[in-house]
Amino acid sequence: MSTGAGRRRDRPVRAETVARAALALVNSDGLDSLTMRRLATSLDVQLPTIYRLFGSKRALLDEMSETLLAAVPERIAAPGDGVDWRESAASLARGLRAVLLEQRDGARIVGGSYAAKRPTLTLVETALAVMHEAGFPAATAIWANTTLFCYVLGEVLEQQGSTGDERELLTEAVRGGEFPRLAAVPAELLLDFDARFEFGLNIVLTGLHAAVQR
């Protein structure tokens, strides 16, 4: 008769299932708490089962990134005739931001991942189509997209790193009058992540438009 450990060891598990379980663990306790051993325990499988699917934690993070990016296309408004490319690019940026914000530490998971699987390639292909429509040649369309992508990542990383105590800390830091310009700005403006995202997105798209016009 096989033991319980044997049954766990032999139970098949898919890479997508493991990635989703890892994302759930991150949602619960944060990315820094994620270990391969804890993941195996949560799935009731032996640790070697995880390593047969993912040879390293980096490989696991890449699969987690792919899982997140696979959800972006459904958040993007479908382009139509006469739709300005900037509207399409803004929709893409907002869709990516929404997906990252829905996952705890989403920006940390996706940032630095260079996995070349279907979800990433599909998203890049969609983004390149937008930039080609804008008039960017192939050689620079990819840079236009990385500019937009890195802007979204940076803003989400900043927002997800917020603890909620920043307003009080900033107010206290400028109280002495040494930084009058900073003190004159309400701290709430710095922490209004939706408004500042839209402001920065408009600047990025305006800059890209000016670049392609040149």
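Residue positions are counted from 1 within each chain, in the order its sequence is given. For this predicted model, a pLDDT threshold of at least 70 governs which residues receive local features, and a threshold of 80 or more governs which side-chain atom pairs are given and counted, while totals over whole chains, interfaces and linings are taken from all residues. No hydrogens and no water enter the side-chain calculation; it runs on all heavy atoms of the structure.

Observations regarding the environment of R214
Each helix corresponds to a stretch of at least 4 residues labelled H or I by DSSP, and each strand to a stretch of at least 2 residues labelled E; elements are numbered beginning at the N terminus. By secondary structure assignment, the location of R214 is in the segment after α13 (193–213). Think of it in three bands: with a 1.4 Å probe and only protein chains considered, a residue is buried below 20% of the maximum accessible area for its type, exposed above 50%, and partly exposed in between. You can call R214 exposed: its relative accessible area is 79%. For the pair formed by R214 and G164, sequence separation is 50 residues and the distance between their alpha carbons is 42 Å.

Details of the side chain of E155
Position of E155 among the secondary structure elements: in helix α9 (residues 138–160). Overall, the relative accessible area of 14% leaves E155 in the buried class.

Details of the UniProt feature "domain: HTH tetR-type" (unreviewed entry) in the protein chain
Under the UniProt annotation, the feature "domain: HTH tetR-type" (unreviewed entry) is placed at residues 12–72. Here residues 12–72 is 70% helix and 0% strand, with 29 Å between the C-alpha atoms at its ends. UniProt positions are given in the numbering used here, feature names are shortened, and annotations may be inferred rather than shown by experiment.

As for the UniProt feature "DNA-binding region" (unreviewed entry) in the protein chain
UniProt annotation of "DNA-binding region" (unreviewed entry) refers to residues 35–54 when read in the numbering used here. With 75% helix and 0% strand, residues 35–54 has end C-alpha atoms that lie 12 Å from one another.

Overview of the pattern of salt bridges
We define a salt bridge as a contact between a side-chain nitrogen of Lys or Arg and a carboxyl oxygen of Asp or Glu at a distance within 4 Å. Throughout the structure, instances matching the rule amount to 14 salt bridges. R14 is the partner of E16 in a salt bridge, and the nearest nitrogen-oxygen pair spans 3.4 Å. With its nearest N and O atoms 2.9 Å apart, the salt bridge here joins R86 to D84. Three or more residues joined by partner-sharing salt bridges are found here, namely R14, E16 and R20.

Description of a nonpolar patch on the surface
Only residues whose relative accessible area exceeds 30% and that form no salt bridge enter a patch; like-charged residues are grouped when within 9 Å of one another, and nonpolar side chains (Val, Leu, Ile, Met, Phe, Trp, Tyr) when within 5 Å. Each accessible area is a Shrake-Rupley result for a 1.4 Å probe, and residues are judged covered by the shown protein chains and nothing else. Taken together, the side chains of V124, I142 and W143 make up a nonpolar region of the molecular surface, amounting to roughly 290 Å² of accessible area. Tracing the sequence through the fold places W143 in helix α9. For W143, a relative accessible area of 59% translates into the label exposed.

Things to note about the packing of helix α6 (residues 85–102) against α9
To obtain an axis, a line is fitted to C-alpha atoms, over the contacting stretch when the element is a helix, and the angle between two such axes runs from 0 to 180 degrees between their N-to-C directions. Two elements in contact, α6 and α9, have axes separated by 10 Å at closest approach and are oriented at 35 degrees. Taken as a pair, α6 and α9 cross one another with a handedness that is right-handed. On α9, the residues touching A89, A93, L96, R97, L100 and L101 of α6 are L148, F149, V152, L153, V156, Q159 and Q160. As a working rule, the residues Ala, Val, Leu, Ile, Met, Phe, Trp, Tyr, Cys and Pro are called nonpolar, Asp, Glu, Lys and Arg charged, and the rest polar, with Gly in that last group. Tallied by class, the residues present in the contact of α6 with α9 amount to 10 nonpolar, 2 polar and 1 charged. Crossings are classed by handedness, with left-handed meaning an anticlockwise turn of the near helix from the far one by less than a right angle and right-handed meaning a clockwise turn. Contacts are assigned to residue pairs with any non-hydrogen atoms lying within 4.5 Å of each other.

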